[in-house]
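What the coordinates show
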Amino acid sequence: MRELYDLLTSPADVNAGIARRMTARRKEQKLTQAQLSSRAGVSLGSLKRFEQTGEISLSALVKISFA
């Protein structure tokens, strides 16, 4: 079994992996992007950009994580 650090080849890979897991979790909870952004207090545009590119501020990521 490969170690976790072997699977993460770049910061972009880490960001993309986090975005994929967060998107999957949102869908498991049957939340729309608009619903999650409202609950988290994060703009819908920021949430959409995060899910598409993995780019987001740390404070917005924490808010989404708690929502």
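A brief look at the structure comes next. (Residues numbered from 1 in each chain as written. Predicted model: local features only at pLDDT ≥ 70, side-chain atom pairs only at ≥ 80, totals over all residues. Heavy atoms only, no water.)

**Observations concerning the pattern of salt bridges**
Formally: What makes a salt bridge here is a side-chain nitrogen of Lys or Arg within 4 Å of a carboxyl oxygen of Asp or Glu, nothing more. Put simply, DSSP H or I for four residues or longer makes a helix, DSSP E for two residues or longer makes a strand, and each gets a number counted from the N terminus. For every residue, the accessible area (1.4 Å probe, protein chains only) is compared with the maximum for its type, and the residue is labelled buried under 20%, exposed over 50%, or partly exposed between those bounds.
The final tally for this structure, using the stated rule, is 2 salt bridges. The salt bridge partner of Glu 28 is Arg 25, with a shortest N-O separation of 3.5 Å. With Glu 28 and Arg 25 both in helix α2 (residues 11-28) and 3 residues apart, this pair spans about one turn of that helix. For Glu 28, a relative accessible area of 54% gives the class exposed. Taking the relative accessible area as the measure of exposure, Arg 25 reaches 48% and is therefore partly exposed. Between Arg 26 and Glu 51 there is a salt bridge; the shortest N-O distance is 2.7 Å. Here Arg 26 is found in helix α2, whereas its partner Glu 51 is found in helix α4 (residues 44-53), with 25 residues between them in sequence. Each member of the pair Arg 26 and Glu 51 is classed as buried.

Structural measurements only, silent on function.
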